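Structural overview
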Amino acid sequence: MRTMIIAGNWKMYKDVAETRDLITALKAAVPSVPAGVESIICPPFTSLALAGELLKGSAFQLGGQNMSQHDEGAYTGEVSGKMLKAVGCDAVILGHSERRQYYGETNELVNLKARKALALGLRPIICVGETLEEREKDITAQVITTQVKGVLSGLTPQDMAKVVIAYEPVWAIGTGKVASPAQAQEVHQLIRKQVAGQYDWALAEKLTIQYGGSVKPDNAAEILAQNDVDGALVGGACLKADSFAAIIKAARP
Ligand code: 13P
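My aim in this report is to walk through the structure given alongside it, one point at a time. Keep in mind it's a predicted model, so treat the numbers as computed, not measured.

1. Comments concerning helix 9 (residues 181–198)
End to end, helix 9 covers 26 Å across 18 residues, agreeing with the expected 26 Å (1.5 Å per residue, within 8%). What helix 9 keeps buried is the set Pro-181, Ala-184, Gln-185, Val-187, His-188, Ile-191, Arg-192, Gln-194, Val-195 and Ala-196.

2. Remarks on the site of the ligand
Not every one of the 13 residues close to the ligand is listed here, only the nearest: Lys-11, His-96, Gly-174, Ser-214 and Gly-236. Between the ligand and the protein, one listed contact pairs an oxygen atom with a side-chain N or O atom of His-96 at 2.8 Å. Gly-174 has a polar backbone atom sitting 2.6 Å from an oxygen atom of the ligand. Taken by itself the ligand offers 310 Å² of open surface, and the protein chains cover 96% of this. Looking at the shell around the ligand residue by residue, the classes come out as four nonpolar, seven polar and two charged.

3. Concerning the state of the cysteines
All told, the structure shown has zero disulfides when counted by the stated rule. For the unlinked cysteine Cys-42, the closest cysteine sulfur is that of Cys-89, found at 7.7 Å. The exposure class assigned to Cys-42 is buried, which follows from its relative accessible area of 1%. By relative accessible area, Cys-89 is classed as buried at 4%.

4. Overview of the packing of aromatic side chains
Using the criterion set out here, one finds three aromatic pairs in the structure. Measuring from centroid to centroid gives 6.5 Å for Phe-60 and Phe-244, while their planes differ by 20 degrees, and the two rings are stacked. Of the two residues, Phe-60 is situated in strand 3 (residues 60–64) and Phe-244 in helix 12 (residues 241–250); the sequence distance between them amounts to 184 residues. You can call Phe-60 buried: its relative accessible area is 6%.

5. Here we look at helix 2 (residues 45–54)
Buried residues of helix 2: Ser-47, Leu-48, Leu-50, Ala-51, Gly-52 and Leu-54, and no others. The secondary structure elements touched by the buried residues of helix 2 are helix 1 (16–29), strand 3 and helix 3 (81–86).

6. Let's talk about the nonpolar core
Core analysis: the largest hydrophobic core is formed by 69 residues, its most contacted members being Leu-152, Ile-191 and Val-195. Of all the elements, helix 12 adds the most residues to this core, at six residues. Non-local contacts of Ile-191, meaning those with residues more than four positions away in its chain, are made with Val-128, Ile-144, Val-148, Ile-165, Tyr-167 and Ile-209. Listed in part, the eleven residues of the second largest apolar core include Ile-5, Ile-40, Cys-42 and Leu-233.

Calculation criteria
Residues numbered from 1 in each chain as written. Predicted model: local features only at pLDDT ≥ 70, side-chain atom pairs only at ≥ 80, totals over all residues. Heavy atoms only, no water. Helix = DSSP H or I, 4+ residues; strand = E, 2+ residues; numbered from the N terminus. Expected span 1.5 Å × (residues − 1). Buried < 20%, exposed > 50% of the residue type's maximum accessible area, 1.4 Å probe, protein only. Near = heavy atom within 4 Å. Polar contact = N/O pair within 3.5 Å; in protein donor to acceptor, adjacent residues only side chain to side chain. Areas by Shrake-Rupley, 256 points an atom, 1.4 Å probe, with all protein chains shown as cover. Nonpolar A, V, L, I, M, F, W, Y, C, P; charged D, E, K, R; others polar. Disulfide = S-S within 2.5 Å. Phe/Tyr/Trp six-rings, centres within 6.5 Å; stacked < 30°, edge-to-face > 60°. Contact = heavy atoms within 4.5 Å. Core = buried A, V, L, I, M, F, W, Y, C linked by side-chain atoms within 4.5 Å.

Printed below as a string of C-alpha cells:
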C-alpha cells in the first residue's frame, strides 16, 4: 500500500503572525491524520522556524518550498537543505512550475537539488507538469517523460524510497481549472510506467505520486480516488484551515 500524502504549498503567503494563526487553526481542525495518510505543510522560509516549533507533536510534517543545490557559500538569497533540517523540515518541494517558469529552473538543476535533499535526509517532492501549449500540441506524454527522466537521473533505488513526485499540470495551477480525474489518472499512470522502466515495477508501485492544480474540498475525493493518485499538493485551498482539513479528510490510504 502506498502512503497518501496531502501537502500544502503556502507559496508567498502568510507572514509570521498569520503563520501562527493558521497553524493554530490547523492543529485544532486536524488533531490526527488516518493511518497511511501523511500531511506536510510548506510555509515560506521566514515562517519555517516558528512553524517547526508550533508543529512539534502535531499531525503535520514540515517542508520547505525550495532549497539550494549547494551546501553553503556566497549564494545571496539562497537557503540550504541543512538550514531547512535545522528548523525541523522533513521535506522540500523542488522544481515547482513557478520555479521553472520565473526562476529558470531546469530538470538538471532540480536533479542536483533532489540529490542534495536526499543526501541530507529530506524527502524531495519533485514537481513535473506540462503547460497548456504543450497539452494542446499533444506532447504531454513526451514532456512528462523527459522531466521524469531528467529529475530522477542517477537516483538509486534507496533514494527512490523517499522521493515523491507531484504531477502539476501548469494550466491547472491557480486557474480554477482542475484536470479531470481521468486526465490526472492517465498522466499518473504514465509517470509510474516511466519510473518502472527506469527502475522496476515493485519500486514504481510504492512511489507516492501527488496531483496538484486547483485541488479543493469539493473535487478532492474524486481525484484522490483514482488508482494512481496518491495525494495532493494543494495551493490556494491550503491557506484556510477548514478547506485544507476537508482535503485531508477526503484522503483514503
Ligand atoms: P493551486 O491549488 O492554487 O492551483 O496551486 C497548486 C500548486 O501549485 C501547488 O503546488
